[in-house]
Amino acid sequence: NRNDNWIYEFGIQKFNYRLKTSFLELSRTPLVFSNEIEQYYAPFRVKKRILTLDKVSRNAFLNIGLGVSYLIKNQNKPLEEGQIIFGQRPIPEPRDYTSLNFRIASSNQPIAFELLTEIRGKVSERLEISVFGKAFFRNSKYLNNQFSFTYVDGSYKEFGDFEKPISILFGLQAKFNSPKYYQYKSKVD
């Protein structure tokens, strides 16, 4: 923290991601494919005060910032691939399904970026409360569920369900600061 003008942050953050794809009309019960991962990132952020909201006490600020995060722990499940074969009617129609091929995967790209804005207020010299909004950027198709239907007539259709490369986060945060104090004592009484 440099005079409440520039703020530097480093820490650890945890994200839980889930991408679910459900097929409702293939059977009596929904056929659900779930892609879940838990990840830990080490972010480094730089924030700049752009506006002092409380000009008298100088305890409330509007900040903008940039950050880069490095993936330090990834608890994702391994790649899942498989095929489901459907039973056929005695006289199948050309558009009946014979099989569903699936591939459930996730990326291990270690770098992510973020843009953020926050309103930060000092409750005391050591305690701050902030309300923030953040855009978190990763590579496209970070989580992806890919499918291919094969029909009785031999044709097939491929499609996928992907997580978008941008996540928007909003939150409330409390921070405890341990500021360094300098004290000057005069030798003159």
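As a starting point, this report considers the structure included with it. (Residues numbered from 1 in each chain as written. Predicted model: local features only at pLDDT ≥ 70, side-chain atom pairs only at ≥ 80, totals over all residues. Heavy atoms only, no water.)

1. Comments concerning the layout of surface pockets
If you roll a probe as big as a water molecule over the atoms, it shows you where there is empty space left. Cut-off, in case you're wondering: The way it works is a 1 Å grid over only the protein atoms, where trapped points that fit a 1.4 Å probe form a cavity and open points with protein on both sides within 12 Å along at least five of seven lines form a pocket, and then any residue with an atom within 4 Å of a point lines it. Grid points are joined across faces, edges and corners, and a volume is the space filled by probe spheres set on the points. Nonpolar residues are Ala, Val, Leu, Ile, Met, Phe, Trp, Tyr, Cys and Pro. Charged residues are Asp, Glu, Lys and Arg, and all others, Gly as well, are polar.
Taken as a whole, the second largest pocket spans an internal volume of roughly 240 Å³. Along the walls of the second largest pocket sit Phe 23, Leu 24, Glu 25, Leu 26, Phe 86, Gly 87, Gln 88, Arg 89, Asp 96, Tyr 97 and Phe 149, which together make up its complete lining. Residues of the lining of the second largest pocket, tallied by class, amount to six nonpolar, two polar and three charged.

2. Observations regarding the nonpolar core
Quick reminder of the rule: Here, nonpolar core means buried Ala, Val, Leu, Ile, Met, Phe, Trp, Tyr and Cys residues that are tied together by side-chain atoms lying within 4.5 Å of each other. Throughout this description, buried means an accessible area under 20% of the type-specific maximum (1.4 Å probe, protein chains only), exposed means over 50%, and partly exposed covers the range between. In this text, helices come from DSSP runs of H or I with a minimum length of four residues, and strands from runs of E with a minimum of two, each type numbered from the N-terminal end. Here a residue-residue contact requires only that any non-hydrogen atoms of the pair lie within 4.5 Å.
In this structure, Phe 15, Tyr 17, Leu 19, Ile 37, Tyr 41, Leu 71, Ala 112, Phe 136, Tyr 142 and Leu 143 together form the largest nonpolar core, which totals 10 residues. Put simply, the parts of the chain that give this core at least two residues each are β2 (13-23) and β3 (31-52). Per-element tally for this core: the top contributor is β2, with three residues. With near-sequence residues (within four places) excluded, Leu 19 lies in contact with Phe 33, Ser 34, Asn 35, Leu 143, Asn 144, Asn 145, Asp 161, Phe 162 and Glu 163. Formed by nine residues, the second largest nonpolar core is a distinct cluster that contains Leu 100, Phe 102, Phe 149 and Tyr 151.

3. Description of a nonpolar patch on the surface
Put simply, the test is: To count toward a patch, a residue needs a relative accessible area over 30% and no salt bridge; like charges are then connected within 9 Å, while nonpolar side chains (Val, Leu, Ile, Met, Phe, Trp, Tyr) are connected within 5 Å. Only the protein chains shown count as cover for residues, and the accessible areas themselves come from Shrake-Rupley with a 1.4 Å probe. Salt bridges are defined as contacts in which a side-chain nitrogen from Lys or Arg sits within 4 Å of a carboxyl oxygen from Asp or Glu.
Together, Trp 6, Tyr 8, Phe 10, Ile 12, Phe 44, Val 68, Tyr 70, Ile 72, Ile 111 and Phe 113 make up an exposed nonpolar region whose accessible area comes to about 1000 Å². Within the residue set of the nonpolar patch, elements represented by two or more residues are β1 (6-10), β4 (60-74) and β7 (111-122). With respect to the secondary-structure elements, Trp 6 resides in strand β1. Residue Trp 6 is classed as partly exposed on the basis of its relative accessible area of 36%.

4. Focus: the environment of Leu 66
Among the secondary structure elements, Leu 66 is positioned in strand β4. Separated by 69 residues in sequence, Leu 66 and Ala 135 place their C-alpha atoms 9.8 Å apart. In this structure Leu 66 touches Phe 44, Arg 45, Val 46, Glu 114 and Leu 115, once residues within four positions along its chain are discounted.

5. Topic: the pattern of salt bridges
Under the counting rule described, the total for this entry stands at 12 salt bridges. The salt bridge partner of Glu 9 is Arg 45, with a shortest N-O separation of 3.3 Å. Of this pair, Glu 9 sits in strand β1 while Arg 45 sits in strand β3, and the two are 36 residues apart along the sequence. What makes Arg 45 buried here is its relative accessible area of 9%.

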